[in-house]
Amino acid sequence: GAGVSQSPSNKVTEKGKDVELRCDPISGHTALYWYRQSLGQGLEFLIYFQGNSAPDKSGLPSDRFSAERTGGSVSTLTIQRTQQEDSAVYLCASSLSGGVNEKLFFGSGTQLSVL
Amino acid sequence: GDSVTQMEGPVTLSEEAFLTINCTYTATGYPSLFWYVQYPGEGLQLLLKATKADDKGSNKGFEATYRKETTSFHLEKGSVQVSDSAVYFCALSDTGNQFYFGTGTSLTVIP
């Protein structure tokens with residue numbers, strides 16, 4: 001694909017349900033990031049994957065949040081027992097090798113609404 | 001820890017006006033600095049960057065200079081167009097593991 005693809009683009013769920021958000025990075029990009037964008041807030045870092053290294057999970061807000069990246073490509077962000085405060089846009093980005101000067105390529109995001 | 005503070009919005013300007021969006025940062029190391037832009041209905045995309053002190057990033061008529069002495073990276077454009085209406089995010093990275101973003105500044109340019 002030409003860019004970073006996220007699905008679904010919109011997700012409405014009920015409080016207490018689990019949700020899975022998917023990210024397909026640009027082919028060949030080894031670094032993958034998840035961010036959360038809440039209304040009026042900046043982008044909040046969630047998790048970073050780089051190749052086969054252990055992910056940097058330091059931004060995950062609670063143990064209800066988890067993410068995996070299979071085969072160094074597709075990533076899934078899972079939120080268990082969703083709460084209303086989880087409502088936000090979840091953004092995925094990738095870069096070629098995770099270098100400090102590298103350009104991030106963002107997907108269009110998943111708008112999550114927890115009722 | 002590292003952080004970015006940028007000018008609160010929204011900003012509304014007439015076409016051809018001068019634009020400044022302020023951004024200051026806090027970092028423990030020697031970060032790279034970025035401006036990302038989000039046009040309506042689109043994902044964030046890199047606008048410009050600077051990787052060391054006194055560097056100037058530029059793109060599409062926008063400029064920003066990395067000022068270490070004032071820890072700033074203000075975005076400027078001499079003459080804005082309606083097509084520049086978007087949300088602008090200042091960001092920094094000093095490890096590559098994380099990019100720290102500001103809260104975003106919404107710009108609306110009216111004809």
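Definitions and limits used
- Here the residue numbering is sequential within each chain, running from 1 through the sequence in written order.
- Chains carry letters and ligands carry numbers; both start at the beginning, A for chains and 1 for ligands, and go up in the order they are written.
- Totals for whole chains, interfaces and linings use every residue, but because this is a predicted model, local features are given only for residues with pLDDT of at least 70 and side-chain atom pairs only at 80 or more, for both listing and counting.
- The side-chain quantities take in all heavy atoms of the structure and omit both hydrogens and water.
- Strands are runs of DSSP state E lasting at least 2 residues, helices are runs of H or I lasting at least 4, and numbering of each runs from the N terminus.
- For this measure, only C-alpha atoms enter the radius of gyration; the expected value for a globule follows 2.2 Å times N^0.38, where N is the number of residues.
- For the exposure calls, accessible area comes from a 1.4 Å probe over protein chains only, and a residue counts as buried if that area is under 20% of its type's maximum, exposed if over 50%, partly exposed in between.
- When checking whether two residues touch, look at their non-hydrogen atoms; a contact exists if any pair is within 4.5 Å.
- Only the protein chains shown count as cover for residues, with accessible areas throughout obtained via the Shrake-Rupley method and a probe of 1.4 Å.
- Only four residue types enter the tally: Lys and Arg on the positive side, Asp and Glu on the negative side, with His and both chain ends excluded.
- In plain terms, the charge of a residue is placed at NZ if it is Lys, CZ if Arg, CG if Asp and CD if Glu.
- One requirement defines pairing of two strands: DSSP has to find at least two bridges between them.
- To obtain an axis, a line is fitted to C-alpha atoms, over the contacting stretch when the element is a helix, and the angle between two such axes runs from 0 to 180 degrees between their N-to-C directions.
- The term salt bridge refers to a pairing of a side-chain nitrogen on Lys or Arg with a carboxyl oxygen on Asp or Glu at a separation within 4 Å.
- Two parts placed together each lose some accessible area under a 1.4 Å probe, and the buried area is that loss summed for both.
- Within 3.5 Å is the distance limit for a polar contact, defined as a pair of N or O atoms, with the added protein rule that one can donate a hydrogen and the other accept it, and that residues adjacent in sequence qualify only through two side-chain atoms.
- Three classes are used: nonpolar for Ala, Val, Leu, Ile, Met, Phe, Trp, Tyr, Cys and Pro, charged for Asp, Glu, Lys and Arg, and polar for all others, with Gly counted as polar.

**Some remarks on the overall build of chain B**
Assigned secondary structure in chain B consists of zero helices and 12 strands. Counting helices and strands in the order they occur from the N terminus, chain B gives β-β-β-β-β-β-β-β-β-β-β-β. Over its C-alpha trace chain B gives a radius of gyration of 13 Å, about what one expects of a compact globule, namely 13 Å for 111 residues. Taken along the three principal axes of its C-alpha coordinates, chain B extends 40 × 25 × 20 Å. Relative to its 111 residues, chain B shows a buried fraction of 47%. For chain B, restricting intrachain contacts to residue pairs at least 6 apart in sequence, the fraction spanning at least 24 positions comes to 55%. Working note: accessible area of chain B is about 5000 Å², and carbon and sulfur atoms make up 48% of it. Computed over 7 positive and 12 negative side-chain charges, the separation of the two mean positions in chain B equals 7 Å.

**Structural notes on the sheet that holds strand β7 (residues 56-59) of chain B**
All names here are of chain B. One open sheet accounts for four strands, arranged β3-β9-β8-β7; its pairing is antiparallel. Both outer strands of the open sheet, β3 (19-21) and β7, are each paired with one neighbouring strand and no more. Sheet twist, expressed as the average angle between the axes of neighbouring strands with direction ignored, equals 15 degrees. Pairing between β7 and strand β8 (residues 62-65): four bridges, direction antiparallel. Counterpart to Gly 57 in the pairing with β8 is Ala 64.

**Some remarks on the pattern of salt bridges**
Under the counting rule described, the total for this entry stands at six salt bridges over all chains. With a closest N to O distance of 3.0 Å, Glu44(A) and Arg36(A) form a salt bridge. Overall, the relative accessible area of 31% leaves Glu44(A) in the partly exposed class. Using a relative accessible area of 9% as the deciding quantity, one classes Arg36(A) as buried. Of the charged contacts in the structure, one is a salt bridge between Lys77(B) and Asp84(B), with a shortest N-O distance of 2.8 Å. Lys77(B) sits in the buried class, given a relative accessible area of 10%.

**Points about the pairing of β8(B)**
Residues and elements named next belong to chain B. Hairpin connection between β7 and β8: a loop of two residues separates the two successive antiparallel strands, and Lys 60 in this loop has a positive phi of roughly 55 degrees. Bridging between β8 and strand β9 (residues 75-77) involves three bridges; their strand directions are antiparallel. Residue pairing in the sheet places Phe 62 in a bridge with Lys 77 of β9.

**Things to note about the sheet that holds strand β3 (residues 19-24) of chain A**
All names here are of chain A. One open sheet holds the four strands; their spatial order is β1-β3-β7-β6, and the pairing between them is antiparallel. In this open sheet, the two strands that pair with only one neighbour each are β1 (5-7) and β6 (65-69). Averaged over all pairs of adjacent strands, the angle between their axes in this sheet comes to 15 degrees, without regard to strand direction. The pairing of β3 with strand β7 (residues 75-79) spans five bridges and is classified as antiparallel. By the bridge assignment for β7, Val 19 is matched with Ile 79.

**Some details on the interface of chain A and chain B**
Counting residues at the interface gives 22 residues for chain A, matched by 20 residues for chain B. Of the roughly 1600 Å² buried at the junction of chain A and chain B (both faces included), carbon and sulfur atoms supply 55%. Linking chain A with chain B are zero salt bridges, by the criterion used here. Our count for the chain A to chain B interface comes out at five residue pairs in polar contact (both at pLDDT 80 or more). Broken down by secondary-structure element, the contributors of at least two residues to the side of chain A that touches chain B are β4 (31-37) and β5 (43-50) of chain A. Among the residues making up the side of chain A that touches chain B, the classes are represented as nine nonpolar, 10 polar and three charged.

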